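The lines below spell out each chain.
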Amino acid sequence: MTSRHYRILASLIAEYVEQGEPVSSAWLADHSALGLSSATVRSIRANLEEQGLVRQPHTSAGRIPTEAGYRQYVNALLESRRRPKAVAEIEARLRQSGGVSHLLEQASQEVSRASHQIAFALTSANPALRLQHIDFVLLDASRVLVIVVAAGGHVTHKVIDAAEGYTATSLSQAANYINSEFAGMTLNEAREAIIERMREERLLYDELTQRALTLAQTGIAEMEDEADETLVVRGTAYLIDELATESADRQTTHETLRLLFHMIEEKHQLIDLLTRSIEAGGLTVVIGSEHLSPDLRPFSIVASTFQDGDRSGTIGVIGPTRMRYQRAISVVDGVSQAVNRLLDGQ
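Bear in mind that the values here come from a model prediction, so they are computed numbers and not experimental data.

Conventions adopted
- Residues numbered from 1 in each chain as written.
- Predicted model: local features only at pLDDT ≥ 70, side-chain atom pairs only at ≥ 80, totals over all residues.
- Heavy atoms only, no water.
- Helix = DSSP H or I, 4+ residues; strand = E, 2+ residues; numbered from the N terminus.
- Buried < 20%, exposed > 50% of the residue type's maximum accessible area, 1.4 Å probe, protein only.
- Contact = heavy atoms within 4.5 Å.
- Areas by Shrake-Rupley, 256 points an atom, 1.4 Å probe, with all protein chains shown as cover.
- Polar contact = N/O pair within 3.5 Å; in protein donor to acceptor, adjacent residues only side chain to side chain.
- Core = buried A, V, L, I, M, F, W, Y, C linked by side-chain atoms within 4.5 Å.
- Pairing = 2+ DSSP bridges.
- Axes fitted to C-alpha atoms, helices over the stretch in contact; angles between N-to-C directions.
- Expected span 1.5 Å × (residues − 1).
- Patch = residues over 30% accessible without salt bridge, like charges linked within 9 Å, V, L, I, M, F, W, Y side chains within 5 Å.
- Salt bridge = Lys/Arg side-chain N within 4 Å of Asp/Glu carboxyl O.
- Phe/Tyr/Trp six-rings, centres within 6.5 Å; stacked < 30°, edge-to-face > 60°.
- Lys NZ or Arg CZ within 6 Å of the ring centre and 35° of its normal.

**Q** Even after reading the chapter, I still don't get the overall build of the chain, so can you show me in this structure?
**A** Along its length, the chain carries 13 helices and 10 strands. For the chain, buried positions account for 47% of its 346 residues. Within the chain, contacts between residues separated by at least 24 positions form 61% of all contacts whose residues are at least 6 apart in sequence. Only carbon and sulfur atoms are counted for the fraction: they give 47% of the accessible area of the chain, which is about 16700 Å².

The following block contains the structure:
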């Protein structure tokens, strides 16, 4: 494809994405900044149509991009992109997140806000995560902060309302007991061992041990929730706004909305579909019929992977194929790299 052909295609796509209406050759001649006549633009547009990159939705209309046209455009964006850099304000807000779950919630919110699309953060399960140590911190007379640290730098914390009276010394002794007995086990092994200890004859253990087991069980359960396969979705209102301006018929628009909202409610289904669609590492763009699952073919996905210790994750956006791809690619890639840096402790 020549430079002129690509610039005409890119101008057509940009205008169609913004307005949602077929683009005429006269508009392209006036706004493509190539200094071409309408006749020349029509010739180029006809060539693009022969290649299957644009189409005429109805007689006497301009042209709209096909999925093949979007793919050509996106490939050029990916080839020419520079190393991403998250906006400083966004990365500063991400650095205030507490724990991996909160970080992913914040990251998906930032991506949604910046891209005006539905954003998601997906992490795979990590059943092999091992307990490194537990700390109990006395906040006041009735509250204890339970801090659980697992291998790879995973940290969770939970405030427990404690009816019993604790002292800093007793909490230190309780943490020492838990660490000596259960450190090095996987979270699941540690949780099951603690439950088994609690089921044993209570006379075998003093009150301090019982309290330690109870606090540890609560903290480990919190980290296990984070270690499970999780999906965070933010920004569904943006999809409603985008589809409201689609040139497709209203019934198709409503069906598309219904389908995606159903998948969001059935998170396990959406996790499975996203996992199968996003097979490659790094930055991936999947457009319409390129999806393996028919349920995702009304949509495009822009996603980028990150690494969290022994497990991987993905941050991305999902929306109609009439998407602002350049903005989505820049935002997703930049935030994903920021999340990688934060998880690496940079």
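**Q** Mind showing me how you'd approach the side chain of His 291 here?
**A** Within the fold, His 291 resides in the loop between β8 (283–287) and β9 (299–308). A polar contact of 3.1 Å, which involves the side chain of His 291, links it to the backbone oxygen of Phe 299.

**Q** Looking at this structure, how should I read the nonpolar core?
**A** Soluble globular proteins tend to pack their nonpolar side chains together in the buried interior. Core analysis: the largest hydrophobic core is formed by 48 residues, its most contacted members being Leu 94, Val 111, Val 302, Ile 315, Val 317, Tyr 325 and Val 335. The element that contributes the greatest number of residues to this core is helix α13 (residues 325–343), accounting for nine residues. Core analysis: the second largest hydrophobic core is formed by 27 residues, Ile 160, Ala 174, Met 198 and Leu 215 among them.

**Q** Teacher, can you tell me more about the sheet that holds strand β4 (residues 131–140) here?
**A** By definition, the strands of a sheet pair up through backbone hydrogen bonds, in either a parallel or an antiparallel sense. Taken in spatial order, the three strands make up an open sheet running β4-β5-β6, and their pairing is antiparallel. Here the strands that pair on one side only, and so sit at the sheet edges, are β4 and β6 (154–161). The average angle at which neighbouring strand axes cross in this sheet is 20°, direction not considered. Bridge analysis of β4 against strand β5 (residues 143–150) gives eight bridges, and the strand direction is antiparallel. Bridging across to β5, Phe 136 finds its partner in Val 146.

**Q** Is there a simple way to explain helix α6 (residues 99–115) in this structure?
**A** For an α-helix, the turn length of 3.6 residues means that residues three or four places apart are oriented alike. Helix length check: α6, at 17 residues, gives a terminal C-alpha distance of 24 Å against a target of 24 Å (1.5 Å per residue), a fit within 8%. Here α6 has its buried residues at Val 100, Leu 103, Leu 104, Gln 106, Ala 107, Ser 108, Glu 110, Val 111, Ser 112 and Ser 115. Directly beyond the C-terminal end of α6, a positive phi value near 60° is found at His 116.

**Q** I would appreciate a short explanation of the pairing of strand β3 (residues 118–123) in the present structure.
**A** Consecutive side chains of a regular strand alternate in pointing toward one face of the sheet and then the other. The buried fraction of β3 is high, at six of six residues. Side-chain alternation along β3 places Ile 118, Phe 120 and Leu 122 on one buried face and Ala 119, Ala 121 and Thr 123 on a second face that is also buried. Across five bridges, the pairing between β3 and strand β7 (residues 230–234) is antiparallel. In the strand pairing of β7, Ala 121 is matched with Val 232.

**Q** Even after reading the chapter, I still don't get a nonpolar patch on the surface, so can you show me in this structure?
**A** On the surface, Val 137, Leu 139 and Val 159 cluster together into a nonpolar patch covering about 210 Å² of accessible area. Its place among the elements puts Val 159 in strand β6.

**Q** I would appreciate a short explanation of the packing of aromatic side chains in the present structure.
**A** Describing an aromatic ring pair means giving the distance of the ring centres and the angle of the ring planes. A full pass over the atoms with the stated rule returns two aromatic pairs. Ring centres 6.5 Å apart and planes at 20° place the aromatic pair Tyr 6 and Tyr 73 in the stacked group. With Tyr 6 in helix α1 (residues 3–19) and Tyr 73 in helix α4 (residues 67–80), this pair connects stretches of sequence that are 67 residues apart. What makes Tyr 6 partly exposed here is its relative accessible area of 22%. Both rings, one in Tyr 70 and one in Tyr 325, keep their centres 5.5 Å apart while their planes meet at 50°; by these two values the pair is tilted. One end of the pair, Tyr 70, is in helix α4; the other, Tyr 325, is in helix α13, and 255 residues separate them in sequence. A single burial state applies to Tyr 70 and to Tyr 325, both of which are buried. Just above the ring of Tyr 16 sits the side chain of Arg 322; from NZ or CZ to the centre is 5.9 Å.

**Q** Where do I start with the environment of Met 323 in this structure?
**A** For Met 323, the position within the fold is in the loop between β10 (311–320) and α13. Relative accessible area serves as the criterion here: at 1%, Met 323 is assigned to the buried category. Between the C-alpha atoms of Met 323 and Ile 301, which are 22 residues apart in sequence, the distance is 9.4 Å. Apart from residues lying up to four places away in sequence, Met 323 is in contact with Val 17, Gln 117, Ser 300, Val 302, Val 317, Ile 318 and Ala 328.

So far we have only geometry, and geometry alone does not tell us how the molecule works.
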